[in-house]
Every structure is written in structure tokens, then in C-alpha cells.
Amino acid sequence: SAPDSQLCVVCLSNPRELVLLECGHICLCADCAEQLPRPRKCPVCRQTITRIIPTFIS
Ligand SMILES: [Zn+2]
Ligand SMILES: [Zn+2]
């Protein structure tokens, strides 16, 4: 299994899959990003999320 540092900070079970912009944090899985209340804010720094792009951490 993935080390804790690579797990989604919300569900703590899925790998981190997304880059949040503009803050640049990689902290969420796709499922949790989908379920964030609008307007979406980064769960780490609370900055408003303007874009979400996929990342690929092996
Ligand atoms: Zn998650
Ligand atoms: Zn952030």
C-alpha cells in the first residue's frame, strides 16, 4: 500500500490523483475532489480552487 504521505488527505484511503490550482497542492483523490462543496477550496490551505489537473504518482 502507499505510504501515508501519498494518500488523499480527506479519505485517507485513495492515492492522491490531482493537482489543485492555483495553490499547487497535490492532496486529493478524484472522488473527494468531486464531492467538495462549491466553491471548492483546497483542504490544505483553504485557497479557492480554480482548476484541477490530473497527476500520475506511481
Ligand atoms: Zn479521497
Ligand atoms: Zn492548497
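Residues numbered from 1 in each chain as written. Chains lettered and ligands numbered in written order. Predicted model: local features only at pLDDT ≥ 70, side-chain atom pairs only at ≥ 80, totals over all residues. Heavy atoms only, no water.

A. Quick look at the nonpolar core. Judged by nonpolar contacts, Cys8, Leu18, Leu20, Cys27, Leu28, Cys29, Cys32, Ala33, Leu36, Cys42 and Ile49 together constitute the single largest core of 11 residues. Contributing elements (two or more residues each) for this core: β1 (18-21) and α1 (30-35). When residues no more than four places from it in sequence are discounted, the contact partners of Ile49 are Leu20, Leu21, Leu36, Arg40, Lys41 and Cys42. (Core = buried A, V, L, I, M, F, W, Y, C linked by side-chain atoms within 4.5 Å. Buried < 20%, exposed > 50% of the residue type's maximum accessible area, 1.4 Å probe, protein only. Helix = DSSP H or I, 4+ residues; strand = E, 2+ residues; numbered from the N terminus. Contact = heavy atoms within 4.5 Å.)

B. Looking closely at the coordination of the zinc ion (ligand 2). The protein atoms donating to the zinc ion (ligand 2) are Cys23 (SG), His25 (ND1), Cys42 (SG) and Cys45 (SG), with metal-donor distances spanning 1.9 to 2.3 Å. Here the zinc ion (ligand 2) binds 4 donor atoms, and the angle range of 104 to 116° at the metal identifies the geometry as tetrahedral. Summarised as a motif, the one-chain spacing of the donors to the zinc ion (ligand 2) is C-x1-H-x16-C-x2-C. Highlighted residues: His25 in the loop between β1 and α1 and Cys45 in the loop between α1 and β2 (51-54), separated in sequence by 20 residues. (Donors = N, O, S within 2.8 Å, 3.2 Å for Na, K, Ca; no water. Tetrahedral: all angles 85-135°; square planar, octahedral: opposite > 155°, others 65-115°.)

C. Fine view of a nonpolar patch on the surface. Taken together, the side chains of Val9, Val10 and Val44 define a hydrophobic patch exposed on the protein surface, amounting to about 210 Å² of accessible area. Here Val10 lies in the segment before β1. (Patch = residues over 30% accessible without salt bridge, like charges linked within 9 Å, V, L, I, M, F, W, Y side chains within 5 Å. Areas by Shrake-Rupley, 256 points an atom, 1.4 Å probe, with all protein chains shown as cover. Salt bridge = Lys/Arg side-chain N within 4 Å of Asp/Glu carboxyl O.)

D. Summary view of the coordination of the zinc ion (ligand 1). Here the zinc ion (ligand 1) is held by the protein donor atoms Cys8 (SG), Cys11 (SG), Cys29 (SG) and Cys32 (SG), which lie 2.3 Å from it. Classification of the site at the zinc ion (ligand 1) rests on its 4 donor atoms, whose angles at the metal span 101 to 116°, yielding the label tetrahedral. Read in sequence order, the donor residues coordinating the zinc ion (ligand 1) give the pattern C-x2-C-x17-C-x2-C. One end of the pair, Cys8, is in the segment before β1; the other, Cys32, is in helix α1, and 24 residues separate them in sequence. Here the two residues Cys8 and Cys32 agree in accessibility, since each one is buried.

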